[in-house]
Amino acid sequence: MKKTVVFHSNYSRMFTGFGKNAKNILRYLYKTGKYNIVEFSNAKLKEEECLESLPWKAYGTLPKQEILNSINQDQGKVRIAAYGLMEIDSLIREVKPDFYIGVEDIWALTPLVEKKWWNKNCMIWTTLDSVPLYEEALKIIPKVNHYYAWASFASREVERLGYPKGLIKTLRGATEINSFFRLKDEQRTLLRKEFGLSDEFIIGFVFRNQLRKSVFSLLKGLYLFKQAYPKANVKVLLHTSWDESWDIKKFMKEFSLKDEDVLTTFVCKSCGHFKVEHPVSKIKKCPKCQKDTFITTSPSNGVDEEELNDVYNLMDVYCHPFTSGGQEMPIQEAKFAELITLVTNYSCGEDNCAKDSGSSPLKWEEYREPGTQFIKAATSATSISDELEKVYLMSKEERKERGIISREWAYKNYSIESTCKKIEKFINEECNKKFDYKEIVSTKYPYAAVPKIEDNAIWIKTLYSNILNCQVNDDDEGLSHWIDRLNKGENRQAVENFFRNTALKEEQKKAPNKTLEFLKSIKDKKVLVIVKNGEREAFYVNCLLKNLKETYKNFKIIVATKNELFHIFEGNENLDHVIDYIDKMSTPFFLEGKGNETKYCDIVIQLSDIFPNYSYIRNSEDIINFDLLCT
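Residues numbered from 1 in each chain as written. Predicted model: local features only at pLDDT ≥ 70, side-chain atom pairs only at ≥ 80, totals over all residues. Heavy atoms only, no water.

## Structural notes on the overall build of the chain
- Within the chain, the secondary structure is distributed over 22 helices and 23 strands.
- The C-alpha atoms of the chain give a radius of gyration of 28 Å, which matches the 25 Å a tight globule of 631 residues would have.
- Dimensions of the chain along its principal axes, counting C-alpha atoms only, are 85 × 65 × 50 Å.
- Out of the 631 residues in the chain, the part that is buried amounts to 54%.
- Counting only contacts in the chain whose residues sit at least 6 apart along the sequence, the fraction spanning at least 24 positions is 63%.
- About 29,900 Å² of surface is accessible on the chain, with carbon and sulfur atoms providing 49% of the total.
- Across the chain, the centroid of the 93 positively charged side chains sits 2 Å from that of the 91 negatively charged ones. (Helix = DSSP H or I, 4+ residues; strand = E, 2+ residues; numbered from the N terminus. Rg over C-alpha atoms; globule rule 2.2 N^0.38 Å. Buried < 20%, exposed > 50% of the residue type's maximum accessible area, 1.4 Å probe, protein only. Contact = heavy atoms within 4.5 Å. Areas by Shrake-Rupley, 256 points an atom, 1.4 Å probe, with all protein chains shown as cover. Lys, Arg positive; Asp, Glu negative; His and termini not counted. Charge placed at Lys NZ, Arg CZ, Asp CG, Glu CD.)

## Describing the sheet that holds strand β7 (residues 169-170)
- Taken together, seven strands build an open sheet; the order of strands is β3-β2-β1-β4-β5-β6-β7 and the sheet is parallel. Because the sheet does not close on itself, it has two edges, and the strands there are β3 (57-62) and β7.
- Alignment of strand β1 (residues 3-10) against strand β4 (residues 99-104), held across four bridges, turns out to be parallel. Directly across from His8, in β4, lies its bridge partner Gly102.
- Relative to β1, helix α1 (residues 17-32) is tilted by about 165 degrees, and along the sheet it contacts β1, β2 (35-45), β4 and β5 (122-126). (Pairing = 2+ DSSP bridges. Axes fitted to C-alpha atoms, helices over the stretch in contact; angles between N-to-C directions.)

## What to know about unusual backbone geometry
- Residue Pro132 follows Val131 across a cis peptide bond; omega there is 0 degrees.
- Summarising the element assignment, Pro132 is placed in the loop between β5 and α6 (135-139).
- Although it is not a glycine, Glu328 adopts a positive phi angle of roughly 65 degrees.
- Along the chain, Glu328 falls in the loop between β14 (317-320) and α12 (329-336).

## Regarding the nonpolar core
- Ile203, Leu219, Leu238, Tyr312 and Tyr318 are the most contacted members of the largest nonpolar core, which has 68 residues in total.
- Among all residues touching Tyr318, those that are not within four sequence positions of it are Gly204, Phe205, Val206, Tyr312, Pro330, Ile331, Ala334, Leu339, Ile340, Thr341 and Leu342.
- One finds Tyr83, Ile88, Leu91 and Ala137 within the second-largest nonpolar core, a separate group that totals 35 residues. (Core = buried A, V, L, I, M, F, W, Y, C linked by side-chain atoms within 4.5 Å.)

## Comments concerning the pairing of strand β8 (residues 201-206)
- Of all six residues that make up β8, six are buried, and the element is covered over most of its length.
- Every second residue of β8 is oriented toward a common face, with Phe201, Ile203 and Phe205 on one face and Ile202, Gly204 and Val206 on the other, all of them buried.
- Two strands pair when backbone bridges link them, and β8 and strand β9 (residues 234-239) are joined in this way by six bridges, in the parallel orientation. Paired with Ile202 across the bridge in β9 is Lys235.
- Chirality of the crossover, the property in question, places the unit of β8, helix α9 (residues 215-228) and β9 among those that are right-handed.
- Looking at chain direction, β8 and β14 are connected through two bridges and run parallel. By the bridge assignment for β14, Ile203 is matched with Val317. (Right-handed = clockwise from strand over helix to strand, strands pointing away.)

## Re α9
- With 14 residues, α9 extends 20 Å between its outermost C-alpha atoms, agreeing within 8% with the 20 Å of an ideal straight helix rising 1.5 Å per residue.
- Of the residues making up α9, those classed as buried are Val215, Ser217, Leu218, Leu219, Gly221, Leu222 and Phe225.
- Turning to α9, the residues buried within the fold contact β8, β9, α10 (248-254), β14, β18 (375-379) and α14 (381-393). (Expected span 1.5 Å × (residues − 1).)

## Let's talk about the packing of aromatic side chains
- Under the defined criterion, the tally for this structure stands at 31 aromatic pairs.
- Residues Phe201 and Tyr392 carry aromatic rings whose centres are separated by 5.2 Å and whose planes lie at 75 degrees to one another, so their mutual orientation is edge-to-face. Note that Phe201 is positioned in strand β8 and Tyr392 in helix α14, a separation of 191 residues in sequence.
- Geometrically, the ring pair formed by Trp246 and Phe251 is tilted, given 5.5 Å between the ring centres and 55 degrees between the ring planes.
- On the basis of relative accessible area, Phe251 is assigned to the buried category, the value being 13%.
- A connected cluster of aromatic rings, assembled from ring pairs, spans Phe201, Phe225, Tyr229 and Tyr392. (Phe/Tyr/Trp six-rings, centres within 6.5 Å; stacked < 30°, edge-to-face > 60°.)

## Description of the pairing of β9
- A large share of β9 lies buried, amounting to six of its six residues.
- By the alternation rule, side chains of β9 split into Val234, Val236 and Leu238 and Lys235, Leu237 and His239, which are all buried.
- Pairing of β9 with strand β10 (residues 262-268), which is carried by three bridges, proceeds in the parallel orientation. Paired with Leu237 across the bridge in β10 is Leu263.

## Re the state of the cysteines
- The tally for this structure, following the rule as stated, stands at zero disulfides.
- Free cysteine Cys50: the closest other cysteine sulfur is in Cys268, separated by 20 Å.
- On the accessibility criterion, Cys50 (25% relative accessible area) is partly exposed. (Disulfide = S-S within 2.5 Å.)

## As for the side chain of Ser9
- Mapped onto the elements of the fold, Ser9 is located in strand β1.
- Reaching out from Ser9, the side chain makes a polar contact with the backbone oxygen of Val103 at a distance of 2.8 Å.
- Once residues lying within four places of it in the same chain are set aside, the contact partners of Ser9 are Phe18, Phe40, Ser41, Asn42, Val103 and Glu104. (Polar contact = N/O pair within 3.5 Å; in protein donor to acceptor, adjacent residues only side chain to side chain.)

## Examining the environment of Asn497
- If you trace the backbone, Asn497 turns up in helix α19 (residues 492-510).
- In sequence terms Asn497 and Asp356 are 141 residues apart; their C-alpha atoms lie 67 Å from each other.

## Describing the pattern of salt bridges
- On inspection of all chains with the given rule, the structure shows 35 salt bridges.
- Residue Lys44 is joined to Glu48 by a salt bridge in which the shortest nitrogen-to-oxygen separation is 3.9 Å.
- According to the relative accessible area criterion, Lys44 is buried, its value standing at 18%.
- Here Lys488 ties to Asp484 by a salt bridge, and the two come within 3.3 Å at their closest N and O atoms.
- The exposed category is assigned to Lys488, whose relative accessible area is 68%.
- A cluster of three or more residues bridged by salt bridges with shared partners is formed by Arg192, Glu200, Asp316 and Arg399. (Salt bridge = Lys/Arg side-chain N within 4 Å of Asp/Glu carboxyl O.)

The values reported here are purely geometric and, on their own, carry no functional implication.
Structure follows, in structure tokens:
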């Protein structure tokens, strides 16, 4: 009997690193004919039309649209929904896999290890790309039998911290080697001519326009290079969206770069035609279908791999400056196209700058990411200019020779076959424990939106569906019971409240809260800061903890907040613990205790519901010197 394998990641047709990896892995496993392949596609609704065209079974992991509408003001819940964490239990119960592979950012995967169904047939494959390593990633090590990172950077760091060798192994993302290759010289010449180019020295960068992609360093490096070689016919090709994070036009102006110095890729949203042109505007008229839908490429509107290979073949050198990364697939794609690659020598860049890799390492300086305190790399523009100079001065023969070395090295280290053979081994040899589907309880949604519906039967079905996350038939006794009560004059609001309270109780039963027991177990003096109003409030408090710690040097400093806000406080050295916020904390007097009442904390500070005025209430007899308004 075929084993059912669930692969949970970005949608396999997204133009992202996770998406490309999913496509390459799933194609390989599907072609073996040995497995029932099931894709869990994050950020897609369960039965979106696009999923039906895949050769394997696929489910979107987003909850129902009504639920999404009800949580759209809570960014923490939106994030959880986008990663599939709201629907994962019901999908596992429906699919009943033999092997689960979760491929996402680590904060999307750590909650899964506490699931009833989690066992030795489950694999985490994640991008640990900065030090200090995310604390939650280390905490789950004992509960993960197959724990992999995309780069050896993470494995080395875990060992440096004193953990036994091999607890987190390296498994490289699968890169399609056949789609990327160097065209013959005459083909490259014709390709340039097609796009109005000739003998320019073209520097390429293929990237999603995210904050961690250092496009400003590249443009400054280009500026410095042009200063050193004012007569050089040099251009930079930025294959990216100009509508996401960085305002590239402003950087161009800052570094005295004109439109003719820069190239970018346009793709028509209507007909799919693509062309590399100067970025005179973000939207143009498509030269093929003549519609005003010719825009810069993006994760949802990109080129296919044959066209992307043409983009690489327009380049003379590839430059990839970044602050950190899990693998950065464009680096390997550029290597397969036999380009010399200039790569920031940090995080996964260390792997790509290995000896005989065909790369030149870019120097960087350390800076710290606010909140997490992660070490990030600020790539040196001077180093970029220096390495560009070296490639520029090389003969065409030397560039070709280095390019061949790049491809050979990438083939040995990043091919689909080498990665998928390892995954096959996990499934075939170590898939020996059954999932416990009976223990999986479907998630309830006590705060889900319920539309106004006149028909009593349809309205009750909606309560079952949206709030209790279950479907009922027309002959269901519960449905008949509630319709009968409504027909006899029962108030609709009372019925809705019953459903919501039932859902709330079920959710609270699944994870009995140990918060108060934990607080009681801490014998030191304690200051508890309650944060319950969202990210803005959490960031505000995070900035003020230093002042609080200086005032109460001999106290343990604890923050109580929603689980989805925990990441904001990671790495804050002025904080001792972050714990779950529970409803009882809405009355701080209860926590500080009076008379014979249990005293859980010495001082409780709660930002009030007047937010954002940031007043506070408390019940302690101690004098509070901490001014919440200070910065």
